[in-house]
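Structural features, examined
Chain residues, written in single-letter form:
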Amino acid sequence: MKNLAIIGVICVLVLSACNSEPKPITYGSEGCHFCTMTIVDKQHAAQFMTKKGRSYSFDATECMLNHLREIDTETVALFRVNNYTDPGVFIDATQATYLISENIPSPMGAFLSAFSNEEAAKKAQSDNTGVLYTWTELNEKFKKENPF
């Protein structure tokens, strides 16, 4: 009976350690993992979580994209970006539509914003000009234009 209780406690500890959700960003006090700037902008922040459950937060999508070049992306379980039209709300970065428009500044100067769907991105493009990208296209653009 004593062994069963010990096994139960171990199972509870193991299951509680397996976190399937990234930790929330503490806007205004948490620093960007790439550039160390304080994360304050709820329209442009980004985050990824590794398969081991560790979260990395960024003040801008461009910082996350630059950091991804330094790691094995196969270790990442989830990529998230703030939805520009719904500040503070995260969306799946791989499914977002991105707009680079010099009329919408982002924290690190790439003028990069993420939208939950193509329709919202096209409306922002119509209002502000710029170029639309998918996650794959954006990654390729950053690799070409920002080599180390």
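Rules used throughout
Residues numbered from 1 in each chain as written. Predicted model: local features only at pLDDT ≥ 70, side-chain atom pairs only at ≥ 80, totals over all residues. Heavy atoms only, no water. Buried < 20%, exposed > 50% of the residue type's maximum accessible area, 1.4 Å probe, protein only. Helix = DSSP H or I, 4+ residues; strand = E, 2+ residues; numbered from the N terminus. Axes fitted to C-alpha atoms, helices over the stretch in contact; angles between N-to-C directions. Parallel < 35°, antiparallel > 145°, perpendicular 65-115°, else oblique. Left-handed = near helix turned anticlockwise from the far one by under 90°. Contact = heavy atoms within 4.5 Å. Nonpolar A, V, L, I, M, F, W, Y, C, P; charged D, E, K, R; others polar. Pairing = 2+ DSSP bridges. Polar contact = N/O pair within 3.5 Å; in protein donor to acceptor, adjacent residues only side chain to side chain. Salt bridge = Lys/Arg side-chain N within 4 Å of Asp/Glu carboxyl O. pLDDT = per-residue confidence, 0-100.

**Brief notes about helix H2 (residues 61–68)**
- The buried count for H2 comes to eight of eight residues, which makes it a mostly enclosed element.
- Thr 61, Glu 62, Cys 63, Met 64, Leu 65, Asn 66, His 67 and Leu 68 are the residues of H2 that are buried.

**Some details on the packing of H2 against helix H4 (residues 135–145)**
- Close contact between H2 and H4 brings their axes to 10 Å; oriented N to C, the two are set at 70 degrees. The angle between H2 and H4 falls in the class roughly perpendicular. Between H2 and H4 lies a crossing whose hand is right-handed. Between H2, through Glu 62, Met 64, Leu 65, Asn 66 and Leu 68, and H4, the contact on the second element is made entirely by Trp 135, Leu 138, Asn 139 and Phe 142.
- Grouping the constituent residues of the contact of H2 with H4 by class yields six nonpolar, two polar and one charged.

**Quick notes on the sheet that holds strand E5 (residues 97–100)**
- Read from one edge of the open sheet, three strands run E6-E5-E7, paired in antiparallel fashion. Edge positions in the sheet fall to strand E6 (112–115) and strand E7 (131–133), since each of these pairs with one other strand and no more. Pairs of neighbouring strands in the sheet enclose a mean axial angle of 30 degrees, with direction left out of account.
- Sheet analysis places E5 next to E7, joined by three bridges and oriented antiparallel. When the bridges of E7 are listed, Tyr 98 appears paired with Tyr 133.
- Across the sheet, helix H3 (residues 118–128) is in contact with E5, E6 and E7; its angle to E5 comes to roughly 10 degrees.

**Points about the pairing of strand E2 (residues 55–58)**
- What you see with E2 is no split at all: Ser 55 and Ser 57 on one side and Tyr 56 and Phe 58 on the other are buried throughout.
- Where strand E1 (residues 46–50) lies against E2, four bridges are found, and the strand directions are antiparallel. Each bridged residue has a counterpart across the sheet, and for Met 49 the counterpart in E2 is Ser 55.
- The turn joining E1 and E2, which pair antiparallel and follow one another in sequence, is formed by four residues; a positive phi near 95 degrees is taken by Gly 53.

**Considering H3**
- You can read the cap of H3 off the contacts: a side-chain oxygen lies 3.1 Å from the backbone nitrogen of Glu 119, and it is on Asn 117.
- Thr 129 occupies a position one or two residues after H3 and carries a positive phi of about 65 degrees.

**Notes on the pattern of salt bridges**
- For the structure on display, the rule yields five salt bridges.
- Lys 23 is the salt-bridge partner of Glu 30, the closest N and O atoms lying 2.9 Å from each other.
- On the basis of relative accessible area, Glu 30 is assigned to the buried category, the value being 13%.
- Lys 143 is the salt-bridge partner of Glu 140, the closest N and O atoms lying 3.9 Å from each other. Linking Glu 140 with Lys 143, this pair stays in helix H4, spanning three residues, or about one helical turn.
- By relative accessible area, Lys 143 is classed as partly exposed at 46%.

**Brief notes about the confidence of the model for the chain**
- Confidence in the prediction for the chain averages 89 pLDDT; 85% of positions are at 70 or higher.
- Confidence drops under a pLDDT of 50 for residues 11–17, and excluding neighbours within four residues, the segment shows zero contacts in the predicted structure.

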